[in-house]
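Notes for the structure review
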Amino acid sequence: MSLFGLYNDLNTYLVIGAMLFGMGLYGIVTRRTLIGMLIAAELILAGASVNFMAFNRFTAPDPVAGQIFTLFIMAIAAAEAAIGLSIIIAVYGHFKSIDAEDTAKLKG
Amino acid sequence: MVAITLIGGLIACNSERLVRSVAGLVVCFIGVAALYFFLNSPFVSMMQILIYVGAVAVTISFAIMLAAPEEKKKVGPSSVLAGPLGFSTAALCTGGFTVLALKTEWPVHQKITDGSMKSIGLQLLTEYSMVFELISIVLLVAIIGALVIARQGREN
């Protein structure tokens, strides 16, 4: 298959989704700060969305369902980012730090 | 587009400063939006740019400015093992998914709708209307909860 035909192939998008997921997983494991972990979680969600859209385009009988699912993933990701960031700000008010290891106590 | 997405993702998960990481995230999401455009759905592509680049990335950079982390003190992975272990886990997952994706024969079905913006709107208000209402409630609760939590932290 030529390089220009690659964009019309399901496997290309699946591999991209897997790579995004892997980068997000690496970020979540290695990051020290809570915001860094949140960014990595967004990468994981993006990988999942790319997979959904790829299957939606190439194999699904109803190409609307995957798009709607991706829209809902976006809404959930936005809600998650809002809640997570407000928790991070509250934690920073308590501990003066957003390092995941400094904030080990539940009742500050 | 693939290169933009992957380079952005690499910046997002590897850079030492969080601001650069958010910039990498923006680049990555623009690349993903372009991929959606190639995947025949310009509506989701526009939504990706609006929601992620326009809202989520801006919110994250606000949080970085409000809770300015001490960048000089401790950067890099938390222990010696975290880097290699994280890398091997991520590589294992990526490789596994790639092999799985390439080995499987995905059955192709006949399309029953065209997947246009009009059919998205129709299905969203007929078949998926319950989910639509639920996601609205989830977003409302998330906004109110975020306000309450952030305010409590400030009072203390």
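The following refers to the structure shown. Predicted, not measured: the structure shown is a model, and the values here were computed from it.

Along its length, chain B carries six helices and zero strands. Secondary structure of chain B in N-to-C order comes out as α-α-α-α-α-α. With 156 residues in all, chain B has 34% of them scored as buried. Within chain B, counting contacts between residues at least 6 apart in sequence, those at least 24 apart form 47% of the total. Of the roughly 9700 Å² that chain B leaves accessible, carbon and sulfur atoms contribute 73%.

Within chain A one finds three helices and zero strands. Helices and strands appear in chain A in the N-to-C order α-α-α. In chain A, buried positions account for 57% of the 108 residues. Of all intrachain contacts in chain A linking residues separated by at least 6 positions in sequence, the fraction that spans at least 24 positions is 55%. Put simply, chain A shows about 4200 Å² of open surface, and 69% of that area lies on carbon and sulfur atoms.

What follows covers the interface of chain A and chain B. Taken together, the contact pairs 72 residues of chain A with 83 residues of chain B. In total, chain A and chain B occlude about 6600 Å² of area from one another, counting both sides; carbon and sulfur atoms represent 76% of this. At the surface where chain A touches chain B, the tally comes to zero salt bridges. Summed over the shared surface of chain A and chain B, the number is one residue pair in polar contact (both at pLDDT 80 or more). Listing elements by their share of the side of chain A that touches chain B, those giving two or more residues are α1 (10–30), α2 (34–58) and α3 (63–95) of chain A. The biggest single contributor to the side of chain A that touches chain B is α3 of chain A, with 26 residues.

One can describe the packing of α3 of chain A onto helix α5 (residues 117–125) of chain B by two numbers: an axis separation of 10 Å at closest approach and a directional angle of 70 degrees. If you check the angle between α3 of chain A and α5 of chain B, you find them roughly perpendicular. As α3 of chain A runs across α5 of chain B, the sense of the crossing is right-handed. Seen from α3 of chain A, the contacting residues are Val64, Gln67, Ile68 and Phe72 of chain A; seen from α5 of chain B, they are Ser119, Ile120, Gln123 and Leu124 of chain B. A per-class count over the contact of α3 of chain A with α5 of chain B returns five nonpolar, three polar and no charged.

Another point: helix α2 (residues 18–38) of chain B. With 21 residues, α2 of chain B ought to run about 30 Å at 1.5 Å a step, and its terminal C-alpha atoms sit 30 Å apart, in line with that. Asparagine 40 of chain B, located one to two residues past α2 of chain B, shows a positive phi value of around 75 degrees.

Glancing now at helix α3 (residues 42–66) of chain B. Here α3 of chain B contains 25 residues, and its C-alpha end-to-end distance of 35 Å stays within 8% of the 36 Å for a straight helix at 1.5 Å per residue. Taking the largest bend as the criterion, α3 of chain B deviates by roughly 25 degrees, centred on tyrosine 52 of chain B. Considering only its buried residues, α3 of chain B is in contact with α2 and α3 of chain A together with α2 and α5 of chain B.

This next bit is on the packing of aromatic side chains. As enumerated under the stated definition, the model contains six aromatic pairs over all chains in all. The interplanar angle of 75 degrees and the centroid separation of 5.4 Å between the aromatic rings of phenylalanine 21 of chain A and phenylalanine 97 of chain B together place this pair among those described as edge-to-face. Of this pair, phenylalanine 21 of chain A sits in helix α1 while phenylalanine 97 of chain B is found in helix α4 (residues 82–103), placing the two residues in two different chains. Phenylalanine 21 of chain A sits in the partly exposed class, given a relative accessible area of 22%. The class of phenylalanine 97 of chain B is partly exposed, set by a relative accessible area of 38%. Taking the centre distance of 4.7 Å and the plane angle of 70 degrees together, the rings of phenylalanine 55 of chain A and tryptophan 106 of chain B count as edge-to-face. One end of the pair, phenylalanine 55 of chain A, is in helix α2; the other, tryptophan 106 of chain B, is in the loop between α4 and α5, on a second chain.

All right, on to the nonpolar core then. Membership of the largest hydrophobic core comes to 56 residues, with the highest contact counts inside it found for Leu20, Ile35 and Leu43 of chain A together with Ile60 of chain B. Residues within four places of isoleucine 35 of chain A in sequence aside, it is in contact with Ile88 and Ile98 of chain A together with Leu18, Ile60, Ala63 and Ile64 of chain B.

This next bit is on unusual backbone geometry. The backbone phi angle of asparagine 40 of chain B is positive, close to 75 degrees, even though this residue is not glycine. Assignment of secondary structure puts asparagine 40 of chain B in the loop between α2 and α3.

The rules behind each value
Residues numbered from 1 in each chain as written. Chains lettered and ligands numbered in written order. Predicted model: local features only at pLDDT ≥ 70, side-chain atom pairs only at ≥ 80, totals over all residues. Heavy atoms only, no water. Helix = DSSP H or I, 4+ residues; strand = E, 2+ residues; numbered from the N terminus. Buried < 20%, exposed > 50% of the residue type's maximum accessible area, 1.4 Å probe, protein only. Contact = heavy atoms within 4.5 Å. Areas by Shrake-Rupley, 256 points an atom, 1.4 Å probe, with all protein chains shown as cover. Buried area = accessible area lost by both parts, 1.4 Å probe. Salt bridge = Lys/Arg side-chain N within 4 Å of Asp/Glu carboxyl O. Polar contact = N/O pair within 3.5 Å; in protein donor to acceptor, adjacent residues only side chain to side chain. Axes fitted to C-alpha atoms, helices over the stretch in contact; angles between N-to-C directions. Parallel < 35°, antiparallel > 145°, perpendicular 65-115°, else oblique. Left-handed = near helix turned anticlockwise from the far one by under 90°. Nonpolar A, V, L, I, M, F, W, Y, C, P; charged D, E, K, R; others polar. Expected span 1.5 Å × (residues − 1). Bend = angle between axes of the 7 residues up to and from the residue. Phe/Tyr/Trp six-rings, centres within 6.5 Å; stacked < 30°, edge-to-face > 60°. Core = buried A, V, L, I, M, F, W, Y, C linked by side-chain atoms within 4.5 Å.

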